[in-house]
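Commentary on secondary and tertiary structure
Here is how the chains run, residue by residue.
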Amino acid sequence: MAFDAEDTAIPPLASHVDVPLVIDASPPPRPTINSPLDGAVIPTDDVRVTGEAEKHSRVTLYANGAPLATTSANAWGDWGVTLEDLADGIYTLQAQASDAAGNPSELSLPVAVTVDTQPPVVSQAWVNPLAVRTGSALATYARAQDAASGVAQVQATRLRPQGGVVSLYYVPTNDWWTNSHPVELTGDSSQTITVTAVDGAGHSG
């Protein structure tokens, strides 16, 4: 069998190769923070933050202006990250997305959350001594404090000398919480009042 020399020749190399070049100078849209809601009080030091961004973009989460975590949005644009071991206090959260070209988005709208892991403290509680002597309406006072989320409610239980428990709910008056109620004192009988404060995160102390 005969072969033509031209059939076995190596084809000439192309003088140039076309390579597509994509220029992306447009930033991705501003991401959102969907959870937690603005104004939320978190009772633990771990805060789960979720939101939406451009799909497959890189999302950086900021707290009070400092970057704390980075994650990636999935194919649907959903992202989430957990901030761990946060100290009690107020945090302003914002997210920023970056696309594959490195273009950063605008910061998301701020979301303020309060981390409160500690119960409130009832620093003072006292009873109007005149009412104790006369058996009239018993006025009790309590001062409660919570540095993170504030005191939401002060309540108490009163053990009656003849048996039974009376629940007392206090109303705020400046820095004090007060309650006034009829008292049934006979002779030298005594009653025990236990005061409890509840903070904005639901902790009691």
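Nothing here was measured: the structure is a model prediction, and the numbers come from that model. (Residues numbered from 1 in each chain as written. Predicted model: local features only at pLDDT ≥ 70, side-chain atom pairs only at ≥ 80, totals over all residues. Heavy atoms only, no water.)

To continue, consider the pattern of salt bridges. Under the counting rule described, the total for this entry stands at 1 salt bridge. Across the salt bridge formed by E106 and R30, the nearest N and O atoms sit 3.0 Å from each other. In this pair, E106 sits in the loop between β7 (89–98) and β8 (111–115) while R30 sits in the segment before β1 (32–35), placing the two residues 76 residues apart along the sequence. (Salt bridge = Lys/Arg side-chain N within 4 Å of Asp/Glu carboxyl O. Helix = DSSP H or I, 4+ residues; strand = E, 2+ residues; numbered from the N terminus.)

Sheet architecture is open: 3 strands sit in the order β1-β3-β6, paired in antiparallel fashion. A single partner strand is all that each edge strand has here, and the edge strands are β1 and β6 (78–83). Going from strand to strand, the sheet's axes swing by 35° on average, the running direction of each strand aside. (Pairing = 2+ DSSP bridges. Axes fitted to C-alpha atoms, helices over the stretch in contact; angles between N-to-C directions.)

The sheet built from 5 strands is open, its strands ordered β2-β8-β7-β4-β5 with mixed pairing. Lying at the two open borders of the sheet, with one neighbouring strand each, are β2 (41–42) and β5 (66–72). The pairing of β2 with β8 spans 2 bridges and is classified as parallel. Looking at β8, one finds that I42 is bridged to V115.

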